[in-house]
Amino acid sequence: MGDVFKEQLVKRQGTVKDTAIKVCLFIIVGLIGFMALLQLGSLGVLITFALVFGARFLISYLNVEYEYVFTNGELDIDIIYDQARRKRLFSVHLKSVEIMAHIDDKNHEHTFNSAQAILDYSSGTSGPNTYAFIAVHQGKKTKIIIEPNDKMLKAFSSTLTRRNLHLRAGVNLV
């Protein structure tokens, strides 16, 4: 059997909290910048530019994508900020996964509810491709939420058994 390699990007949807942060930053930068211009003249211009630059930098952390990379049984999840900065968030070998099922699967609700921690690496909206799995992360039984497409699920099926991979109805792995 040859090597298995799949990758997928999932863009996180903006939330009300993200919008509130942007509005608050805009108001704060505007007020402080205006006061700096009135009080400090040309030094106020420099302060205003620094504030705008800092606000833009903070807002870039609200533009988030998750990248799933599956290579020969190993799933790596990275976060990408503003399509520029990347950080590894999570890595697991799928053989150590206790169970993977659709997020709304009532048959495994008890297992998912027994998790000590929850990590959400999805777009933020539950849909037909929103799955959860249980794995040990930093010594805790953790529920990890992801949104794999059908090609990624097919790759997962090369490592996970029918006993611990429960797909939603209608997923065709052929």
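A brief report on the enclosed structure follows. (Residues numbered from 1 in each chain as written. Predicted model: local features only at pLDDT ≥ 70, side-chain atom pairs only at ≥ 80, totals over all residues. Heavy atoms only, no water.)

The sheet contact formed by strand S3 (residues 74-81) and strand S4 (residues 85-93) spans eight bridges and is antiparallel. Bridge pairing in S4 links Tyr 81 to Arg 85. Taking the residues that link successive antiparallel strands as the turn, the S3-S4 hairpin has three residues, and the phi of Asp 82 there is positive, at about 55°. (Pairing = 2+ DSSP bridges. Helix = DSSP H or I, 4+ residues; strand = E, 2+ residues; numbered from the N terminus.)

Glancing now at the pattern of salt bridges. Across all of its chains, the model carries seven salt bridges by this definition. Note that Asp 18 and Arg 12 form a salt bridge whose closest N and O atoms lie 3.3 Å from each other. Residue Arg 56 is joined to Asp 82 by a salt bridge in which the shortest nitrogen-to-oxygen separation is 3.1 Å. One end of the pair, Arg 56, is in helix H2 (residues 42-60); the other, Asp 82, is in the loop between S3 and S4, and 26 residues separate them in sequence. Since its relative accessible area comes to 22%, Asp 82 is described here as partly exposed. Members of the salt-bridge network, linked through shared partners, are Glu 67, Asp 76, Asp 78, Arg 86 and Arg 88. (Salt bridge = Lys/Arg side-chain N within 4 Å of Asp/Glu carboxyl O. Buried < 20%, exposed > 50% of the residue type's maximum accessible area, 1.4 Å probe, protein only.)

A separate point is the packing of helix H1 (residues 16-40) against H2. Between H1 and H2, the least distance of the axes is 7 Å, while the angle of their chain directions is 170°. Considering their axes alone, H1 and H2 lie roughly antiparallel with respect to each other. Together, Lys 22, Leu 25, Val 29, Ile 32, Gly 33, Ala 36, Leu 37 and Leu 40 of H1 and Ser 42, Leu 43, Gly 44, Val 45, Ile 47, Thr 48, Leu 51, Val 52, Ala 55, Leu 58 and Ile 59 of H2 make up the contact between the two elements. Across the contact of H1 with H2, the residue classes tally to 14 nonpolar, four polar and one charged. (Axes fitted to C-alpha atoms, helices over the stretch in contact; angles between N-to-C directions. Parallel < 35°, antiparallel > 145°, perpendicular 65-115°, else oblique. Contact = heavy atoms within 4.5 Å. Nonpolar A, V, L, I, M, F, W, Y, C, P; charged D, E, K, R; others polar.)

Across the sheet, which stays open at both edges, the five strands sit in the order S6-S8-S7-S5-S9 with mixed pairing between neighbours. Single-partner strands in this sheet number two, and they are strand S6 (117-120) and strand S9 (165-166). Pairing analysis gives four bridges linking strand S5 (residues 99-102) to strand S7 (residues 131-137), with the strands arranged antiparallel. In the sheet register, Ala 101 faces S7, and the bridge partner there is Ala 132.

A few words on the side chain of His 137. Within the secondary structure, His 137 sits in strand S7. Leave out the neighbours within four places in its chain, and His 137 touches Leu 89, Phe 90, Leu 119 and Thr 142.

Attention shifts here to the environment of Gln 116. The residue Gln 116 is located in the loop between helix H3 (109-113) and S6 in this model. Residue classification places Gln 116 among the exposed residues on the basis of a relative accessible area of 57%. It is 9.7 Å that separates the C-alpha atoms of Gln 116 and Val 136, two residues lying 20 residues apart in sequence. In this view, Gln 116 contacts Gly 139, Lys 140 and Lys 141; residues no more than four positions away in its chain are not counted.

Function cannot be read off these values alone, since they describe shape.
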